[in-house]
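Observations on chain architecture
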Amino acid sequence: MTATADAEAAANELTPLADYLGSVLRRLRALPPLDLDLTQAYGNVLAEDVVAPHAFPAFDQSAVDGYAARWEDISGAGRAAGGRAVRLNVVGDLGAASWRPVRLTPGSCFSVAAGAPLPVAADVVVPVEWTDQGMAAVEIYRTPKRGYGVRRAGDELPAGALLARAGTYVTPALVAVFAATGIGHVVVRPSPRVVVVATGDELVDVGRGSQPGQVVDANSHALTAAAAEAGALAYRVGICDDDPEGLRGLLEDQTLRADLIITTGGTGTGPGDMVRRILSRREGGRAGPVTFTEVALYPGTALGFGTVGAEEVPVVCLPGDPGAALIGFEVLARPAIQLLAGAEPVFRPSVRAHLLETVSSPGGLREFRPAHVAERRGGGYTVQPLSGGPFTLSGLAEANGLLVLGERVTTAAAGSTVDVLLLDRRR
């Protein structure tokens, strides 16, 4: 058997990524909903559809500063083409705080501020710059179209309109929409509490360089940031040595404040991979709390999932290599966080893009390679591959997307069309 054939045979024994993700996500349920005050709801996911109880605007109002009038009284105004100015009596001033109903009579108008309620019978607001800005009487030099400067009740959002569906993240703009239509509280899913634990005797904390026998813990910092970016309340508990009782005790303690625990390191089958040995160990004839699976994923094939503690808190176990850990987070932990939060969809958006450079990929594995995605002037996208494989971490620092190369792809030619996950980097 050739080396290539050996590699393909080994890949065929791996679990397809789609099958693995489906089996994991089916075991998770969204967190129970909460009724929150509107000011606390930002960043959470709606657990129910939200319908407008009141219209917006709530009443007919002026959209500009000017003079509220009847269009038929000003329809002849205009100096162009032999037109003339129209003169109207100004019978009052209306501001945003005005509340008494008033009515226009022929030949009259009201001076109005933007947001002020409109007089009954008014169907146009003349901007101040189209007039001589008179106080007792005003001359109007141009005729706007009927309805100009007028916002009718419910023009933007009628009562009963669907404002947002369950599964939608509450954004600042949605907060404004809810408030404007009279909503003071909404039912949401709480943000998942995610605890991140790095494992390994070799790990040392940041602020120093690695020495032989030491590895700086980049993973727990990066994964805590990634969990926060995904909308979680993220907590880093630091480094846990490869001590069986210490690891069990730490995980048990963290179940009291976690909806999801993420570990990094120790998922392989080597003698030092304590996380896998401890969490998958059979006790009393029963399987361990976490199942470790060899997944057709590159980089990083070994992933773990299960539950720990009496509350059966979900735990995701990611590889120790920083690039593989971040890719594992994207494909497994991030969808789990989105599902717990009640978000829809749980996966990042993807696009089809024109590949700018030929790339090779290991057969039998689904590769997620850092990439830079750009929109083309004529429409569509281009994608430039960045460092991948053993150099995935450096590529991820520059990436705004992940180029996805399927299990059957060994070479993707420049000019071909490929799938890309959008990372939504804010820069």
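Rules used in this analysis
- Residues numbered from 1 in each chain as written.
- Predicted model: local features only at pLDDT ≥ 70, side-chain atom pairs only at ≥ 80, totals over all residues.
- Heavy atoms only, no water.
- Helix = DSSP H or I, 4+ residues; strand = E, 2+ residues; numbered from the N terminus.
- Rg over C-alpha atoms; globule rule 2.2 N^0.38 Å.
- Buried < 20%, exposed > 50% of the residue type's maximum accessible area, 1.4 Å probe, protein only.
- Contact = heavy atoms within 4.5 Å.
- Areas by Shrake-Rupley, 256 points an atom, 1.4 Å probe, with all protein chains shown as cover.
- Lys, Arg positive; Asp, Glu negative; His and termini not counted.
- Charge placed at Lys NZ, Arg CZ, Asp CG, Glu CD.
- Pairing = 2+ DSSP bridges.
- Axes fitted to C-alpha atoms, helices over the stretch in contact; angles between N-to-C directions.
- Salt bridge = Lys/Arg side-chain N within 4 Å of Asp/Glu carboxyl O.
- Phe/Tyr/Trp six-rings, centres within 6.5 Å; stacked < 30°, edge-to-face > 60°.
- Arc of directions from axis to C-beta.
- Core = buried A, V, L, I, M, F, W, Y, C linked by side-chain atoms within 4.5 Å.

1. Overview of the overall build of the protein
In terms of helices and strands, the protein carries nine helices and 28 strands. Relative to a compact globule of 427 residues, whose C-alpha radius of gyration would be 22 Å, the protein shows 31 Å and is clearly more extended. The buried share among the 427 residues of the protein stands at 46%. In the protein, once contacts between residues fewer than 6 apart in sequence are set aside, the share between residues at least 24 apart is 70%. Put simply, the protein shows about 20,900 Å² of open surface, and 52% of that area lies on carbon and sulfur atoms. Treating the 37 positive side-chain charges of the protein as one cloud and the 46 negative ones as another, the clouds have centres 7 Å apart.

2. So, the sheet that holds strand 6 (residues 86-94)
Strand order across the open sheet formed by five strands is 8-5-7-6-9, with mixed pairing between neighbours. Each edge of the open sheet is held by one strand with a lone partner, namely strand 8 (124-127) and strand 9 (137-140). Strand-to-strand twist of the sheet, defined as the mean angle between neighbouring strand axes without regard to direction, takes the value 40 degrees. Bridging between strand 6 and strand 9 involves four bridges; their strand directions are antiparallel. Bridged to Arg87 within strand 9 is Glu139.

3. As for the pattern of salt bridges
By the definition in use, this model includes 17 salt bridges. Between Arg151 and Glu156 there is a salt bridge, with its nearest N and O atoms 3.0 Å apart. A salt bridge links Asp205 to Arg236; the shortest N-O distance between them is 3.3 Å. A residue pair is termed long-range when its members are at least 10 positions apart, and Asp205 in the loop between strand 14 (203-204) and strand 15 (215-216) and Arg236 in strand 16 (residues 233-240) qualify at 31 residues. A relative accessible area of 32% means that Asp205 is categorised as partly exposed.

4. Some thoughts on the packing of aromatic side chains
Throughout the structure, instances matching the rule amount to one aromatic pair. Judged by centre distance (5.8 Å) and plane angle (20 degrees), the rings of Trp130 and Tyr148 are stacked. Residue Trp130 is located in the loop between strand 8 and strand 9, and its partner Tyr148 is located in the loop between strand 9 and strand 10 (150-151); the two are separated by 18 residues in the primary sequence. Using a relative accessible area of 17% as the deciding quantity, one classes Trp130 as buried.

5. What about helix 2 (residues 17-25)?
Those residues of helix 2 lying buried are Leu17, Tyr20, Leu21, Val24 and Leu25. Taken down its axis, helix 2 places every buried residue within 120 degrees of arc, on the same side. Counted as exposed and oriented over 90 degrees from the buried face of helix 2: Ala18 and Asp19. Against the buried residues of helix 2 lie strand 18 (290-294), strand 19 (297-298), strand 20 (302-308), helix 8 (322-341) and strand 24 (366-375).

6. Considering the nonpolar core
Membership of the largest hydrophobic core comes to 42 residues, with the highest contact counts inside it found for Ile262, Phe329 and Phe368. The element best represented in this core is helix 8, accounting for 11 residues. Excluding residues that lie within four positions of it along the chain, Phe368 makes contacts with Leu17, Leu297, Tyr298, Pro299, Ile327, Val331, Leu402, Leu403, Val404 and Leu421. Ranked by size, the runner-up nonpolar core spans 18 residues in total, among them Val197, Ala258, Ile278 and Leu279.

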